[in-house]
Amino acid sequence: MRDIAGLVFPLAAAAALLMASPAGAQMQPHRAEYTLRLGTALNATRIGTIVQDIELTCDGWRIRRELVVDASLTPSFKVSFTSRLEGDEPRGKGFTWRALQVLNGAEREVRGTVEKKDGAWQVDRTTPDGPQPSVLPSLTHMPAAAVDWLLRRLAVGSESFPLLVFVPEAEGGAFLLDVKRAAAGAADATPPSQRRVEVPAKQSWPFSMAVTRAGRTDGKPADAKPIVTLRGRLHDSGVMDGLVADAGVITVAAHLRDLQMREVPACPALK
């Protein structure tokens, strides 16, 4: 069961990353829904959904995300997993979140804050097991800030680069993304049972990512082997589609099924 959850967390993290526009280095708020399928075949079995709502206010970003997986991997091995996140990211001032995960009926709620103190990101997490403070690597980006940085690199033609990003669902830790511009997109074709969603964009970039843990709170070095590899296509309007997450024994594809672009508020600081 832990292996299933380990795949879901990076999948949600990748979906959260790929949602911005490079125009004016300004993220574009939107609401997107994705279907999850087991494997990359066009007739692959549907196993869940991702819904994420990215709202921009005059104070910063508000992220709402829900991931649901309900799958029978074998006749005797079934998994039901739900992950809900509510997070707020004031501009340049850290991150505050509440995450609820339910694995086969067992609930786990975590709340936390990230603040920069003495030049370092300090994480204060409250879990059912008690407080779990930690320190993030100094170059870690919060979720919304990471997107702006990622899109800027792609827009200027960078072929490969690392990116450290904070992932609140994944035990409140940081992940290292080894990002590369790919030669072709992945899972671009929409399954015939699902209507195609047209994405507003002038250009797009196929990409691949190898995801590893950036560090551990117990002082031991992080594992060098990627937890999961990701590939897909990112549009300059801020929308990702055709995401494939390959964890070795399990491969999951995410296809866009609904999209609503939101207006940017008329705030003095945003002009």
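Reading guide: rules and limits
- Think of each chain on its own: its residues are numbered from 1, step by step along the sequence as written.
- Reporting of local features is limited, given that this is a predicted model, to residues whose pLDDT is at least 70; pairs of side-chain atoms are given and counted only at 80 or more, and all residues count toward the totals for whole chains, interfaces and linings.
- Think of the side-chain values as coming from all heavy atoms in the structure, minus any hydrogens and water.
- By the criteria applied, helices consist of DSSP H or I runs no shorter than four residues and strands consist of E runs no shorter than two, each listed in order from the N terminus.
- Only protein chains enter the accessibility calculation, which uses a 1.4 Å probe. A residue is then buried if its area is under 20% of the maximum for its type, exposed if over 50%, and partly exposed in between.
- Whether two residues are in contact is decided by their heavy atoms: any pair within 4.5 Å suffices.
- For the area figures, the Shrake-Rupley method with a 1.4 Å probe applies, and any residue is considered shielded solely by the protein chains shown.
- One number per residue, pLDDT, summarises how confident the predictor is, and it ranges from 0 to 100.
- Here the rule is simple: two strands pair whenever DSSP picks up at least two bridges between them.
- Expected helix span is taken as 1.5 Å per residue step, with the number of steps being one fewer than the number of residues.
- Here, a disulfide means two cysteine sulfur atoms that sit within 2.5 Å of each other.
- Two rings from Phe, Tyr or Trp (for Trp, the six-membered ring) form a pair when their centres sit within 6.5 Å of each other. Planes less than 30 degrees apart are called stacked, planes more than 60 degrees apart edge-to-face, and all others tilted.
- Throughout this description, the term nonpolar core refers to a set of buried Ala, Val, Leu, Ile, Met, Phe, Trp, Tyr and Cys residues connected via side-chain atoms within 4.5 Å.
- Each salt bridge in this description consists of a side-chain nitrogen of Lys or Arg and a carboxyl oxygen of Asp or Glu lying within 4 Å of one another.

A. The overall build of the protein chain, seen in detail. A tally of regular secondary structure across the protein chain gives 2 helices and 15 strands. Taking all 271 residues of the protein chain together, the buried fraction comes to 49%. When contacts within the protein chain are restricted to residue pairs at least 6 apart in sequence, those whose partners lie at least 24 apart make up 54%. Entry remark: accessible area of the protein chain is about 12,900 Å², with carbon and sulfur atoms responsible for 50%.

B. Up close: the confidence of the model for the protein chain. When pLDDT is averaged along the protein chain, the result is 81; 82% of the residues meet or exceed 70. In the predicted structure, residues 18-25 sits below a pLDDT of 50 and forms 34 contacts with residues beyond four places in sequence or in another chain.

C. How the structure looks around the pairing of strand β2 (residues 45-56). Examined bridge by bridge, strand β1 (residues 30-38) and β2 share 9 bridges and lie antiparallel to one another. Following the sheet pairing, L36 is matched in β2 by G48. Connecting the antiparallel pair β1 and β2 is a turn made up of 6 residues, with G39 showing a positive phi of about 105°.

D. Region of the structure containing helix α2 (residues 143-155). Compared with the 18 Å implied by 1.5 Å per residue over 13 residues, the 19 Å span of α2 between its first and last C-alpha is a close match. Those residues of α2 that sit buried are P143, A144, A146, V147, D148, L150, L151 and L154. G157 occupies a position one or two residues after α2 and carries a positive phi of about 95°.

E. Focus on the state of the cysteines. All chains considered together, the criterion is met by 1 disulfide. For C58, the disulfide goes to C267, at an S-S distance of 1.7 Å. Measuring the twist about the S-S bond at about -80°, one finds the C58-C267 disulfide to be left-handed. Note that C58 is positioned in the loop between β2 and β3 (60-74) and C267 in the segment after β15 (251-261), a separation of 209 residues in sequence. The partly exposed category is assigned to C58, whose relative accessible area is 47%.

F. A look at the packing of aromatic side chains. A complete count under the given rule lists 4 aromatic pairs for this structure. Between the aromatic rings of W149 and F161, the centroid separation amounts to 5.7 Å while the plane-to-plane angle is 75°, which identifies the pairing as edge-to-face. One end of the pair, W149, is in helix α2; the other, F161, is in strand β10 (residues 160-167), with 12 residues separating them in the sequence. Ring-pair connections join several aromatic residues into one group, and the members of that group are F95, W97 and F166.

G. The nonpolar core, seen in detail. Y34, L36, V69, L150, L177 and L256 are the most contacted members of the largest nonpolar core, which totals 41 residues. At 5 residues, the largest contribution of residues to this core is made by α2. Formed by 17 residues, the second largest nonpolar core is a distinct cluster that contains L56, V110, W121 and A174.

H. Just the pattern of salt bridges, in detail. One pass over the structure, following the stated rule, counts 13 salt bridges. The residue E109 makes a salt bridge to R98 at a minimum N-O spacing of 2.9 Å. One end of the pair, E109, is in strand β6 (residues 106-117); the other, R98, is in strand β5 (residues 95-103), and 11 residues separate them in sequence. Look at E109 and you get partly exposed, because its relative accessible area is 32%. The partly exposed category is assigned to R98, whose relative accessible area is 24%.

I. Layout of the pairing of β6. Bridge analysis of β5 against β6 gives 9 bridges, and the strand direction is antiparallel. When the sheet's bridge partners are listed, W97 is paired in β6 with G112. Between the end of β5 and the start of β6, which pair antiparallel, lie 2 residues, with N104 showing a positive phi angle near 50°. Here β6 runs beside strand β7 (residues 120-127); their pairing, made up of 7 bridges, is antiparallel. Bridging from a neighbouring strand, E115 pairs with Q122 of β7. Linkage of β6 to β7, two consecutive antiparallel strands, is achieved through a turn of 2 residues, within which D118 is found at a positive phi near 55°.

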